[in-house]
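# Fold and geometry: a report
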Amino acid sequence: MRVDIPEGKDPITYVWGEMVPGIGPAASHFSLAVYAHTTLGLREFEAARLRVAQINGCAFCLDWRTERDGQKVEPEFADAVTNWRTTDAFDERTRLAAEYAERYAVDHHGIDDEFWARMTAHYSQLEIVELSMSIGSWLAFGRLNRVLGLDTVCVLPSGGSSPAKPHRQ
């Protein structure tokens, strides 16, 4: 870890809450809202989220799988996300979600009119804004946790299907 955590303190709670009490809880609420209020399909959501996790290298985020109504993506889904360009496991919306996440994270200046034409053919403006905000959350908070070394101390929440702590992707 790249920040000092006092003896007996939970690293995530300490960094995200106690260290920056005016920022951490607000960031936590935003991060959790991405899961609680999404209208995107599970496969599209997970394709974008996992692509960002792969780019960020966040250990926890790479292991995390979002669950909705008892459903998760199949175990091979992460490999399909890695190979989003060529996989036959994705429909066009899922492929676009992975592509958008990658472009957003590594070459946002390269998002051109050709890409937007494909994106708007499959996603509404509302969905594009929601996906953009979700990707922004995952990019910022997954990267924050990876850079500070917090990704190795994350634990899965007990029970429930949504993330319980602010760093969940």
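### Some points on the pattern of salt bridges
By the definition in use, this model includes 13 salt bridges. Salt-bridge contacts for Glu 74 lead to Arg 43; the nearest nitrogen and oxygen are separated by 2.7 Å. In this pair, Glu 74 sits in the loop between α4 (59–63) and α5 (77–82) while Arg 43 sits in helix α3 (residues 42–56), placing the two residues 31 residues apart along the sequence. For the salt bridge of Glu 127 with Arg 93, the shortest nitrogen-to-oxygen distance reads 3.1 Å. Of this pair, Glu 127 sits in helix α8 (residues 125–147) while Arg 93 sits in helix α6 (residues 92–106); the two residues are 34 residues apart in sequence, bridging distant segments of the chain. For the pair formed by Glu 127 and Arg 93, the shared burial category is buried. Within the structure, one salt-bridge network assembled from shared partners comprises Glu 99, Arg 103, Asp 112, Glu 114 and Arg 118.

### A word on the nonpolar core
Ranked by internal contacts, the top residues of the largest apolar core, which has 45 residues, are Met 119, Leu 131, Ile 135 and Trp 138. Looking at this core, the elements that each hand over two or more residues are α1 (11–19), α2 (24–36), α3, α4, α5, α6, α7 (113–122) and α8. The element best represented in this core is α3, accounting for 7 residues.

### Considerations on the packing of α7 against α8
The geometry of α7 relative to α8 is characterised by a closest axis approach of 8 Å and an angle of 115 degrees between their N-to-C directions. As summarised for this structure, α7 and α8 are arranged roughly perpendicular, according to the angle between their axes. At the point where α7 passes α8, the crossing takes the right-handed sense. Contacts from Trp 116, Met 119, Thr 120 and His 122 in α7 reach Glu 127, Ile 128 and Leu 131 in α8.

Conventions we followed
The written sequence of each chain sets the order in which its residues are numbered from 1. With the structure being a predicted model, the display of local features is reserved for residues of pLDDT at least 70 and the display and counting of side-chain atom pairs for 80 or more, all residues being used for whole-chain, interface and lining totals. For side-chain calculations, the full set of non-hydrogen atoms in the structure is used, while hydrogens and water are omitted. Salt bridges are identified by distance alone: a Lys or Arg side-chain nitrogen within 4 Å of an Asp or Glu carboxyl oxygen. Put simply, DSSP marks the helices as runs of H or I at least four residues long and the strands as runs of E at least two long, and each gets a number from the N terminus on. We call a residue buried when its accessible area falls under 20% of the maximum for its residue type, exposed when it is over 50%, and partly exposed in between, using a 1.4 Å probe and counting protein chains only. In plain words, nonpolar cores are sets of buried Ala, Val, Leu, Ile, Met, Phe, Trp, Tyr and Cys residues tied together by side-chain atoms within 4.5 Å. In this analysis, axes come from line fits to C-alpha atoms, helices being fitted only over the stretch in contact, and the angle between any two N-to-C directions falls in the range 0 to 180 degrees. We call two directions roughly parallel when the angle between them is under 35 degrees, roughly antiparallel when it is over 145, roughly perpendicular when it lies between 65 and 115, and oblique otherwise. Throughout, a crossing is termed right-handed when the near helix is turned clockwise from the far one, and left-handed when it is turned anticlockwise from it by less than a right angle. Whether two residues touch is decided by their heavy atoms; if any such pair falls within 4.5 Å, the residues are in contact.

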